[in-house]
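Residues per chain are reported as follows:
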Amino acid sequence: MRTIVLTTVIAALSAGTLAFSAGTANAYTVCNRAGDCWHSNARYKYREPGIVVHPDSWYKKRDWDHDKKYHWRAEEHHDRGYYRGGAWVHF
C-alpha cells in the first residue's frame, strides 16, 4: 500500500514539473551595429560582426517610439538570419 501511495505522489510531482517546464519558451531580441533589432526564438551563432543577442526582458525595457539608437524591425521571418543594410540576410 505504501509503495502505491509513494508511486502516485512521485508521478504527480513529475507530471507537474513537466507541465511547468513545457510552458516556458525562449525569446531573444537581437540587434546589429546599425541599430536594427528583431525577435528570435533561438540563440544562433551569428557570423556577422557587431550582432548582440539580448534577453527578451531587454526589449520590454526599451522605449521604441523615442529610441534614437535602436529601431524595431517588425517583419516576421521564420528562417535564420539577420539584418544588414536594412535587408534580411538568410543563413
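Residues numbered from 1 in each chain as written. Predicted model: local features only at pLDDT ≥ 70, side-chain atom pairs only at ≥ 80, totals over all residues. Heavy atoms only, no water.

Enquirer: Would you take a moment to explain the nonpolar core for this structure?
Expert: Grouped burial of nonpolar side chains is what soluble globular proteins tend to show. Judged by nonpolar contacts, Tyr-28, Val-30, Trp-38, Tyr-46, Ile-51, Val-53, Tyr-82, Tyr-83 and Phe-91 together constitute the single largest core of nine residues. Listing elements by their share of this core, those giving two or more residues are β1 (28–31) and β5 (81–84). Discounting residues that sit within four places of it in the chain, Tyr-28 has contacts with Trp-38, His-39, Ser-40, Asn-41, Ala-42, Arg-43, Val-53, His-54 and Asp-56. (Core = buried A, V, L, I, M, F, W, Y, C linked by side-chain atoms within 4.5 Å. Buried < 20%, exposed > 50% of the residue type's maximum accessible area, 1.4 Å probe, protein only. Helix = DSSP H or I, 4+ residues; strand = E, 2+ residues; numbered from the N terminus. Contact = heavy atoms within 4.5 Å.)

Enquirer: For this particular structure, what's the right way to read the layout of surface pockets?
Expert: If a probe the size of a water molecule is rolled over the atoms, the empty space left behind becomes visible. By volume, the largest pocket is sized at about 290 Å³. Among the secondary structure elements, those contributing two or more residues to the lining of the largest pocket are β2 (36–40) and β5. Examining the composition of the lining of the largest pocket, we find that three residues originate from one element, β2, more than from any other. By residue class, the composition of the lining of the largest pocket is eight nonpolar, six polar and five charged. (1 Å grid on protein atoms, 1.4 Å probe; cavity = no way out; pocket = protein on both sides within 12 Å on 5 of 7 lines; lining within 4 Å. Points joined across faces, edges and corners; volume = space filled by probe spheres on them. Nonpolar A, V, L, I, M, F, W, Y, C, P; charged D, E, K, R; others polar.)

Enquirer: Just to check I follow, could you spell out the pattern of salt bridges for this structure?
Expert: All chains considered together, the criterion is met by four salt bridges. Close ionic contact of Arg-84 with Glu-48 constitutes a salt bridge, the shortest N to O distance being 3.4 Å. Of the two residues, Arg-84 sits in strand β5 while Glu-48 sits in the loop between β2 and β3 (52–55), which places them 36 residues apart along the sequence. Judged by relative accessible area, which is 22%, Glu-48 ranks as partly exposed. (Salt bridge = Lys/Arg side-chain N within 4 Å of Asp/Glu carboxyl O.)

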